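Structural features, examined
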Amino acid sequence: MRPELITDPKSLEYLIGFTGSHGFMVLGKKNLFFTDFRYRGIAKELERNKTRLPFKFMELDEKTIEHIQKNLGKKELAFEANHLTVAALNSWKKKLKGTRLVPGKNSVEEMRLFKDKNEIALLKKSQKINEETLYRTKKLFKKGVTELELAWKIKTIGHDLGAEDISFEPIVAFGPHSAIPHHHNTNTKLKSGDTLLVDMGMKYKGYCSDMTRTFFFGKPSAEQRKIYELVLAAQEAGIKKIKAGIAAKKVDEAARKALGKYEKYFKHSLGHGIGLEVHEMPSLSGRSKEILKE
């Protein structure tokens, strides 16, 4: 394994459980984690614990660059290309003169594809909180309530049920707004006949949930019911295709095919992985080159 510079906060959280605002790792002869004096106690505690990746804590000081270069063993260092900015990369190049920095191969993201039993348990707990939050929020679907009011309730109810945070800002969309995938909540009031869309997620011990649900406030029209059932059938067609060994794009393709003449309105990708971030590999889209694995 070639030496690698780890700067993405989510990579650090996954590998060693660090969630502070400043730190990085250099994986070389040894796995070295660097952070400043503010996180000394936290870093030492993580070093003693059995994290996913054993490491040695090094406090940032005037000898940091010297420590890094001694740890490399060769004059090449991979970096997380999906995270490191151009400015940050240029800064590293100036500090590590004589070391060739090259784009890495998303090694941590690929590790995160495969969830262990503990991660799956945390994801399930996150979604359990998410579903109970929606169940309680549904009781607030009343004429005159605004999108912003319901979005705020989702956040407070989720917190009361044990969520540490929301995965993303809840989307509450009434009427025509429900056709906008990433609608921004407004003071629009709920009225009879509205399609009501809720897109929400909770975070539990770092792990996210994410779900979108559609409701009808009052009796749906024949057209509303037809489209709802068509989209449901498309979702089920996609789910039936999911198995180890299938190309991700084939899952997306199955859902689109089920929509028939309405496929042209499906501009979004079908789905995505989830974990420490609300959007992770794999991607269920027509452009995906991934093969789904166990």
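Reference entry: report on the structure contained in this document. (Residues numbered from 1 in each chain as written. Predicted model: local features only at pLDDT ≥ 70, side-chain atom pairs only at ≥ 80, totals over all residues. Heavy atoms only, no water.)

Right, let's get into the sheet that holds strand E9 (residues 195-200). Spatial ordering of the open sheet is given by E8-E9-E12, a layout of 3 strands whose pairing is antiparallel. The open sheet has two free edges, formed respectively by strand E8 (171-174) and strand E12 (211-216), since each of these has just one partner strand. For this sheet, the mean inter-axis angle between neighbouring strands, taken without regard to orientation, is 10°. Sheet topology note: the E8/E9 ladder contains 4 bridges and is antiparallel. Counted as the bridge partner of Phe-174 is Leu-196 from E9. Where helix H7 (residues 147-160) meets the sheet, its contacts fall on E8 and E9, and the angle it forms with E8 comes to roughly 150°. (Pairing = 2+ DSSP bridges. Helix = DSSP H or I, 4+ residues; strand = E, 2+ residues; numbered from the N terminus. Axes fitted to C-alpha atoms, helices over the stretch in contact; angles between N-to-C directions. Contact = heavy atoms within 4.5 Å.)

The next subject is the packing of aromatic side chains. For the coordinates displayed, the defined rule picks out 8 aromatic pairs. Chaining the aromatic ring pairs together yields one cluster made of Phe-18, Phe-33, Tyr-39 and Phe-55. The cationic tip of Arg-52 hangs over the ring face of Tyr-14; the distance from NZ or CZ to the ring centre is 3.9 Å. Positioned above the aromatic ring of Phe-266 is the side chain of Arg-256, whose terminal nitrogen or guanidinium carbon lies 4.0 Å from the ring centre. (Phe/Tyr/Trp six-rings, centres within 6.5 Å; stacked < 30°, edge-to-face > 60°. Lys NZ or Arg CZ within 6 Å of the ring centre and 35° of its normal.)

This next bit is on the nonpolar core. Core analysis: the biggest nonpolar cluster contains 40 residues, and Leu-15, Ile-16, Met-25, Phe-33 and Val-198 have the highest contact counts within it. Sequence-distant contacts of Met-25, that is, excluding residues within four places in its chain, are made with Glu-4, Leu-5, Ile-6, Leu-12, Leu-15, Ile-16, Asn-31, Leu-32, Phe-33, Leu-53 and Phe-55. Formed by 15 residues, the second largest nonpolar core is a distinct cluster that contains Leu-32, Phe-34, Met-58 and Trp-92. (Core = buried A, V, L, I, M, F, W, Y, C linked by side-chain atoms within 4.5 Å. Buried < 20%, exposed > 50% of the residue type's maximum accessible area, 1.4 Å probe, protein only.)

Overall, mixed pairing links the 6 strands, which are arranged E4-E3-E2-E1-E5-E6 in an open sheet. Two strands lie at the open edges of the sheet, namely strand E4 (56-59) and strand E6 (100-103), each paired on one side alone. When the angles between neighbouring strand axes are averaged without regard to direction, this sheet yields 30°. For strand E1 (residues 4-6) and strand E2 (residues 24-27), the ladder comprises 3 bridges, and the chain directions are antiparallel. Counterpart to Ile-6 in the pairing with E2 is Met-25. Running at roughly 65° to E2, helix H1 (residues 9-16) makes contact with E1, E2 and strand E3 (31-35) of the sheet. The sheet strands contacting helix H2 (residues 40-48) are E3 and E4, and the helix crosses E4 at an angle near 165°.

The next point concerns the pattern of salt bridges. Under the definition given, this model contains 15 salt bridges. Here Lys-115 and Glu-280 are joined by a salt bridge, their closest N and O atoms 2.8 Å apart. With Lys-115 in the loop between helix H5 (107-112) and helix H6 (117-138) and Glu-280 in strand E14 (residues 280-284), this residue pair connects regions lying 165 residues apart in the sequence. You can call Glu-280 buried: its relative accessible area is 12%. A salt bridge links Lys-250 to Glu-253, with the shortest nitrogen-to-oxygen separation between them at 3.9 Å. (Salt bridge = Lys/Arg side-chain N within 4 Å of Asp/Glu carboxyl O.)

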